[in-house]
Amino acid sequence: HPIGLVGFSMGGLDVLHAMGQPGAEEVFTAGAVAVSPAADLPRTVQYLDAKVFFADAGFSKSFRMGFRSLLRKRAKELGMTAEGSFAGTVEFLVSERPDLGPTPAEFLARADPSPSVATSRRPLLILVTANDPIIPVSSISELGRAAKGNPLVHMIETPFGGHIGQPGHSPQWFATVLATSLGGALLGAWIASLVGAAVPNSRLKQYAADIEAGRVL
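Only a predicted model underlies this, so the values are computations on that prediction, with no experimental measurement involved.

Chemist: Explain the overall build of the chain to me, using residue names and the numbers behind them.
Modeler: Per the secondary structure count, the chain includes 14 helices and 4 strands. Relative to its full complement of 217 residues, the chain shows a buried share of 44%. A fraction of 69% describes how many contacts in the chain between residues 6 or more apart in sequence connect residues 24 or more apart. When the accessible area of the chain is evaluated, it comes to approximately 11600 Å², of which 60% is carbon and sulfur surface.

Structure (structure tokens):
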């Protein structure tokens, strides 16, 4: 059976990297979907560490604080001595594993997903939102530029959905996009049974043949 990839947030970043690996087109023949992946990683790290005020950011302040809390917990579990900032975590990683960097700037440059997006040889759908409290606007722009030169890559930006919130905000739309993008009738039926949606719908069904033929969605 065809194999596809689906990833959210950091998992979405992993998906982008995987699709750019040599031979990925022979393994992930169904293509891939990345939801809310990050790009422009130096700016993303700064954005996550920046002080946030409720008056400016609203409830996204709580979302970012939650991210930082999870980071501190995970860092402690891994024996990291970083103070809990994303920049501190990157510095700790490269100090422990110089082969990953050897500097934070070089580590983030190596982790940049843009080259993989540009070289993907299977259909790749990237879903982002305009109101993502975790990913800065520059990240979306960076992914858009990388996708522009590859006819197999398509990016959809929705006005709402927050960070990885599209499945909850618009479950029927997400189920339809996911099933159609991966070209999997069984997957579509399974997801539809979970969210009560009939997939694929008439608006997206017209693209199914193009996706299966390896063309742009």
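Chemist: Just give me the short version of a nonpolar patch on the surface, but keep the residues and values in it.
Modeler: Together, Val-6, Phe-8 and Ile-164 make up a nonpolar patch on the protein surface, roughly 220 Å² of accessible area in all. Structurally, Phe-8 can be placed in strand E1 (residues 4–8). Judged by its relative accessible area of 35%, Phe-8 falls in the partly exposed class.

Chemist: Which residues make up helix H9 (residues 137–148), and what are the values?
Modeler: Since the α-helix turns once every 3.6 residues, residues separated by three or four places project in the same direction. For H9, which comprises 12 residues, the first-to-last C-alpha distance of 17 Å matches the rise-based estimate of 16 Å (1.5 Å per residue) to within 8%. Inspection of H9 places Ser-139, Ile-140, Leu-143, Ala-146 and Ala-147 among the buried residues, and these make up the whole buried set. Along H9, the residues classed as buried sweep out an arc of 125° about the axis, all on the same side. Looking at H9, the residues exposed on the side facing more than 90 degrees away from the buried face are Val-137, Arg-145 and Lys-148. On its buried side, H9 packs onto helix H1 (10–19), helix H3 (41–49), helix H8 (114–119), strand E3 (124–129) and strand E4 (153–158).

Chemist: Can you tell me about the environment of Gly-161, naming the residues and giving the values?
Modeler: For Gly-161, the location among the structural elements is in the loop between E4 and helix H10 (166–169). Along the primary structure Gly-161 and Asp-132 are separated by 29 residues, whereas in three dimensions their C-alpha atoms are 7.2 Å apart. Residue contacts for Gly-161: discarding those within four places in its chain leaves Thr-129, Asn-131, Gln-166 and His-169.

Chemist: How would you explain the pairing of E4 if you had to name every residue and give the values?
Modeler: With 6 bridges connecting them, E3 and E4 associate as parallel partners. Within E4, the position partnered with Leu-125 by the bridge is His-154. Between the parallel elements E3 and E4, the chain passes through H9 in a crossover that is right-handed.

Chemist: A description of the layout of surface pockets should follow, citing residues and the corresponding values.
Modeler: For the largest pocket, the calculated volume is near 750 Å³. Contributing to the lining of the largest pocket are 27 residues, with Met-10, Leu-13, Ala-38, Leu-48 and Phe-86 lying nearest its centre. Contributions of two or more residues to the lining of the largest pocket are made by H1, H3, helix H5 (60–77), helix H6 (86–96) and helix H7 (104–110). Here the lining of the largest pocket gets 5 residues from one element, more than from any other, and that element is H1. A per-class count over the lining of the largest pocket returns 18 nonpolar, 7 polar and 2 charged.

Reading the values: the criteria
Residues numbered from 1 in each chain as written. Predicted model: local features only at pLDDT ≥ 70, side-chain atom pairs only at ≥ 80, totals over all residues. Heavy atoms only, no water. Helix = DSSP H or I, 4+ residues; strand = E, 2+ residues; numbered from the N terminus. Buried < 20%, exposed > 50% of the residue type's maximum accessible area, 1.4 Å probe, protein only. Contact = heavy atoms within 4.5 Å. Areas by Shrake-Rupley, 256 points an atom, 1.4 Å probe, with all protein chains shown as cover. Patch = residues over 30% accessible without salt bridge, like charges linked within 9 Å, V, L, I, M, F, W, Y side chains within 5 Å. Salt bridge = Lys/Arg side-chain N within 4 Å of Asp/Glu carboxyl O. Expected span 1.5 Å × (residues − 1). Arc of directions from axis to C-beta. Pairing = 2+ DSSP bridges. Right-handed = clockwise from strand over helix to strand, strands pointing away. 1 Å grid on protein atoms, 1.4 Å probe; cavity = no way out; pocket = protein on both sides within 12 Å on 5 of 7 lines; lining within 4 Å. Points joined across faces, edges and corners; volume = space filled by probe spheres on them. Nonpolar A, V, L, I, M, F, W, Y, C, P; charged D, E, K, R; others polar.

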